[in-house]
Amino acid sequence: MEDLEKLIPVTKTFVPPIEEYTSQIKRAFDKGWLTNRGALTIELEEKLKDYLEVPHINLMANGTLPLQIALKLLGGNSEVITTPFSYVATTSAIVWENCTPVFVDIHPEYLTIDESKIEAAITKNTTCILATHVFGNPCDVEEINRIAKKHNLNVIYDAAHCFGVRYKDKSIFEYGDISTISFHATKLFHTGEGGALFASDFNLQHKSYYSHNFGHNGAENYFGVGINAKMSELQAAMGLTVLPYINEIQKARNKVVDYYIDKLNWNSLDRIKIRNGTEWNYSYFPVIFKSEEVLLEVVNVLNNEGVFPRRYFYPSLNNLQFVENCLMVNSDSISSRILCLPLYVGLNKVSQDSIIKLINNIINSYSC
Ligand SMILES: *Cc1c(COP(=O)(O)O)cnc(C)c1O
């Protein structure tokens with residue numbers, strides 16, 4: 001077995017110094033208060049509101065529960081127009097909430113839902129559009145907003161990849177009725193497990209807030225049905241420990257991405273087109289090969305060298321066994337050819353050079 005230290009995965013969790021985590025945790029221990037919106041959770045909410053420049057945030061236990069809560073509030077057990085190119089949680093949350101996913105294909109360059117195909121998918125049963133700002137690349141939020149207004153639909157964005165992303169000088173989380181994010185250990189900013197919901201108006205803030213806390217209205221009354229989606233103090237402690245490093249994390253990742261952009265052979269390779277007006281967060285580095293055959297060879301060669309990129313996102317979600325399958329020409333094609341390359345704080349140049357050399361060699365051999 002190879003030395004695990006030497007293996008290069010697609011990402012590595014940013015692990016802060018344990019003493020710093022311990023000193024945050026100690027605050028919770030000293031109070032004997034480990035969950036139920038204690039001082040650490042509230043402090044993290046305030047700090048994230050400042051950092052992200054958003055008027056409202058509700059921290060939760062992971063990034064899937066806020067999707068479920070959003071769909072519970074806005075999906076109406078009916079048809080939800082969605083993207084086939086995302087993590088499985090986007091579709092499974094729709095099915096879990098007794099809604100029906102209606103897939104609309106993606107734009108072949110932006111990789112976000114193709115807004116020009118949304119209207120054709122709307123029926124009298126459509127309640128909602130749930131789209132993903134995939135890899136932190138914003139959907140066409142203006143056009144989606146126009147369509148939603150015209151047809152009286154709600155808009156939810158799965159913004160799991162969007163920590164720090166801004167579009168047209170405001171936070172991406174301010175677009176749509178509800179946006180959700182994940183703070184899973186593999187995401188750019190993390191709390192181990194964790195997530196949050198951003199609601200656009202007070203009414204939705206109120207509903208999502210009580211929904212995430214069993215529906216409570218005080219100790220003995222209830223506003224409505226709810227679930228337990230609360231972030232714990234242990235998670236918030238991790239968030240408060242990681243947050244001071246966020247600029248360092250961002251800088252280190254930018255450097256890795258810029259180096260890939262500089263050195264890979266783009267004559268035989270494509271990359272995601274970031275929408276104009278976006279301050280991107282370099283959260284993933286996907287590359288798109290000419291064919292699945294090339295991708296499979298690249299994966300094979302890299303694996304043999306101890307490098308483990310990931311096929312994000314594969315399969316295209318319209319092919320899941322628990323949805324009605326349909327053809328999605330762009331998403332099916334992109335899914336079969338896209339690969340996320342290793343990207344994390346601490347990925348050194350020597351490793352990156354060897355990854356780049358192996359990929360360039362293979363794609364060059366296919367192009368002649
Ligand atoms: C990570 C992710 C989720 C789920 O978030 P968790 O915190 O793991 O529950 C949902 N959607 C997308 C697009 C993701 O990448």
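Residues numbered from 1 in each chain as written. Predicted model: local features only at pLDDT ≥ 70, side-chain atom pairs only at ≥ 80, totals over all residues. Heavy atoms only, no water.

Asks: Would you explain a nonpolar patch on the surface in this entry?
Replies: Taken together, the side chains of Phe29, Leu34 and Leu234 present a nonpolar region at the surface, about 290 Å² in accessible area. Relative to the helices and strands, phenylalanine 29 is located in helix H1 (residues 18-31). (Patch = residues over 30% accessible without salt bridge, like charges linked within 9 Å, V, L, I, M, F, W, Y side chains within 5 Å. Areas by Shrake-Rupley, 256 points an atom, 1.4 Å probe, with all protein chains shown as cover. Salt bridge = Lys/Arg side-chain N within 4 Å of Asp/Glu carboxyl O. Helix = DSSP H or I, 4+ residues; strand = E, 2+ residues; numbered from the N terminus.)

Asks: Teacher, can you tell me more about the UniProt feature "modified residue: N6-(pyridoxal phosphate)lysine" (unreviewed entry) in the protein here?
Replies: Under the present numbering, the feature "modified residue: N6-(pyridoxal phosphate)lysine" (unreviewed entry) in UniProt falls on Lys187. Tracing the backbone through its elements, the reader meets lysine 187 in the loop between strand E9 (178-182) and strand E10 (195-199). For lysine 187, the contacting residues outside a window of four places in its chain are Ala160, His161, Ser182 and Tyr284. (UniProt positions renumbered as here; feature names shortened; annotations may be inferred. Contact = heavy atoms within 4.5 Å.)

Asks: Explanation requested: the side chain of serine 211 in the structure shown.
Replies: You can see serine 211 is positioned in helix H6 (residues 202-211). If near-sequence neighbours (up to four positions away) are discounted, serine 211 is found in contact with Ile69, Leu73, Val225, Gly226 and Ile227.

Asks: Please explain the sheet that holds strand E8 (residues 170-171) as it appears in this structure.
Replies: Across a sheet, strands are paired by hydrogen bonds formed along the backbone, either parallel or antiparallel in direction. Ordered in space as E8-E7-E14, the three strands form an open sheet in which the pairing is antiparallel. Strand pairing shows two members of the sheet lacking a second neighbour, E8 and strand E14 (278-279), which therefore form its edges. Bridging between strand E7 (residues 166-167) and E14 involves two bridges; their strand directions are antiparallel. Opposite tyrosine 167, over in E14, you have threonine 278 as the bridge partner. (Pairing = 2+ DSSP bridges.)

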